[in-house]
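Descriptive structure summary
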Amino acid sequence: MTAALIAAAPAAAEAYPRIVATLIRVTGDWNLAEDSAQDALAAALERWPRDGVPDNPGGWLMTVARNRAVDVLRRSQVEQRKLRDLAVLALTAPEPAAPGAFVDDRLRLIFTCCHPALPLEARVALTLRTICAVPTADIARAFLVTESAMSRRLSRAKTKIATAGIPYRVPAGRALTERLPGVLAVLYLLFTQGYNADGEPAFADEAIRLVRLVERLLPGQPEVPALLALFLFQHSRRDARRDAAGDLLTLDRQDRSRWDHAAIAEGTAILSRVAADGVYGLQAHIAACHATAASAQDTDWLRIAGCYDRLAAAQPSPVIALNRAVAHGYAHGPRAGLALLAAARADGALDGYPHAVAVEADLTARLGWQDRAAELFRQAAAAAFSDEERRALLARAELSTCTDAPPPHPGARSAT
């Protein structure tokens, strides 16, 4: 692959969702739009090394994909109205006029993929496949299903969009306010699929790219940049989360010089202009306390505990209650943390959740009950979600005599 072709790859990746979104709007046919965009990418891989990369790679891909769609419709001798629409588009817009020329179509596509009428997993999978061009096999692997099963799931989602008349548009006014949290929840889950110890790292990158796009297309929505800041803070640790043997490292054991400080600086700048009263704003401020602390001992646990108090009031959930117990355990002492942990576990929602057991183990160790703490860490390891987490918890069982080092900020599934 030539250097020019490598340089053009980001432009091609950026163009793909624009092409798919535009062709879906014009044809109403998801499969045709995706097939045409993929054919254009295949043509680029064949022709660009031979003929050179065009000055406008995105425009070249759009033209090839559009022509492919026209050819398919012409050969089928159906959808004459759509064919006329495509012909007009081909004549009047042979090249994208500017990077923003197709932003409305991309945003429509994101809101369509994330429509609440679809099951949550289908929304994530459809977003990965249609907007991010992630191969179906990779999506299937992340969701622990076969490729054929994922293909059927994607097909059902597209059929549901067509048969249920799900509109291909961005809602306005109050409807936008109501729908945006659902879109951001899909992006949050997409990021988590990549950030978890056993996740696909590329999914986290795609989530960051998509939330940047939504921020650019929907200015004035404070929770969008807040979510971006949260992603940046969390993802800044990606290169320091494992040791030389590939085992997970908790926050207090990570080499902070290996963190992505440019990402942390960007997240900090974003938070300087974002209110902290939204769900993602509060989480971003919590993540900022960890990301900007010079050492684990310098972490501002009082501020983190205060943010968790507000977050628990705004969006009560068992995991938030668990994290709140950790924060208070380090801000006000392990007994305070254990009291909140007991309250969080009272209704049974955290039964069998390994991180709840790990939190009890850590707080117990800080009280000096080392044998009991080691036993709890082993219990957590037995129920861990992945081999990586299991090894990390067993290592903490061995190190449970070390009571003065703060634990990592516990996430939904990862302690790194």
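Residues numbered from 1 in each chain as written. Predicted model: local features only at pLDDT ≥ 70, side-chain atom pairs only at ≥ 80, totals over all residues. Heavy atoms only, no water.

**Quick notes on the nonpolar core**
Applied cut-off: To form a nonpolar core, buried Ala, Val, Leu, Ile, Met, Phe, Trp, Tyr and Cys residues must be joined to one another through side-chain atoms within 4.5 Å. Throughout this description, buried means an accessible area under 20% of the type-specific maximum (1.4 Å probe, protein chains only), exposed means over 50%, and partly exposed covers the range between. The contact definition used throughout considers only heavy atoms, calling two residues in contact when any of these lie within 4.5 Å.
Membership of the largest hydrophobic core comes to 86 residues, with the highest contact counts inside it found for Leu 61 and Leu 109. In this structure Leu 61 touches Ala 12, Ala 15, Ile 19, Ala 40, Leu 41, Ala 44 and Trp 48, once residues within four positions along its chain are discounted. By size, the runner-up hydrophobic cluster in this structure holds 24 residues, among which are Tyr 308, Leu 311, Tyr 353 and Ala 356.

**Structural notes on helix α18 (residues 370-382)**
Inclusion rule: Secondary structure elements follow DSSP: runs of H or I of four or more residues count as helices, runs of E of two or more count as strands, with numbering from the N terminus. One less than the number of residues in a helix, times 1.5 Å, gives the span that helix is expected to have. The arc in question is the one spanned by the directions pointing from the helix axis to the C-beta atoms.
Relative to the 18 Å expected for 13 residues at 1.5 Å per residue, α18 spans 19 Å between its end C-alpha atoms, a close match to the ideal helical length. Within α18 the residues assigned to the buried category are Gln 370, Ala 373, Ala 374, Leu 376, Phe 377, Ala 380 and Ala 381. Along the axis of α18, the buried positions cluster into a sector of 160°, meaning they face one direction only. What points out from α18, more than 90 degrees from its buried face, is the exposed set Asp 371 and Ala 382. Structurally, α18 contributes buried residues whose contacts are with α17 (354-366) and α19 (387-398).

**Section: the confidence of the model for the protein**
Spelled out, the test is: Summary of the metric used: pLDDT quantifies the predictor's per-residue confidence within the range 0 to 100.
Of all residues in the protein, 86% have pLDDT values of 70 or greater, and the mean over the chain is 83. Note that residues 91-103 has pLDDT below 50 and, in this model, 19 contacts with residues that lie over four places away or in other chains. Contacts for the low-pLDDT stretch residues 403-415, under 50 throughout, to residues beyond four places or in other chains number 50 contacts.

**Some details on the environment of Leu 176**
When you line up the elements, Leu 176 lands in helix α9 (residues 173-195). Overall, the relative accessible area of 11% leaves Leu 176 in the buried class. With 65 residues separating them along the chain, Leu 176 and Phe 111 place their C-alpha atoms 9.7 Å apart. Excluding its chain neighbours within four sequence positions, the residues that come into contact with Leu 176 are Phe 111, Val 170, Pro 171, Leu 218 and Gln 221.

**Some details on α17**
Taking 1.5 Å per residue, 13 residues should reach 18 Å; α17 reaches 19 Å between its end C-alpha atoms and fits that length. Burial runs high along α17: 12 of the 13 residues are buried. Every buried residue of α17 is accounted for by Pro 354, His 355, Ala 356, Val 357, Ala 358, Val 359, Glu 360, Ala 361, Asp 362, Leu 363, Thr 364 and Ala 365. Looking one or two places after α17, you find Gly 368, whose phi comes out positive at around 95°.

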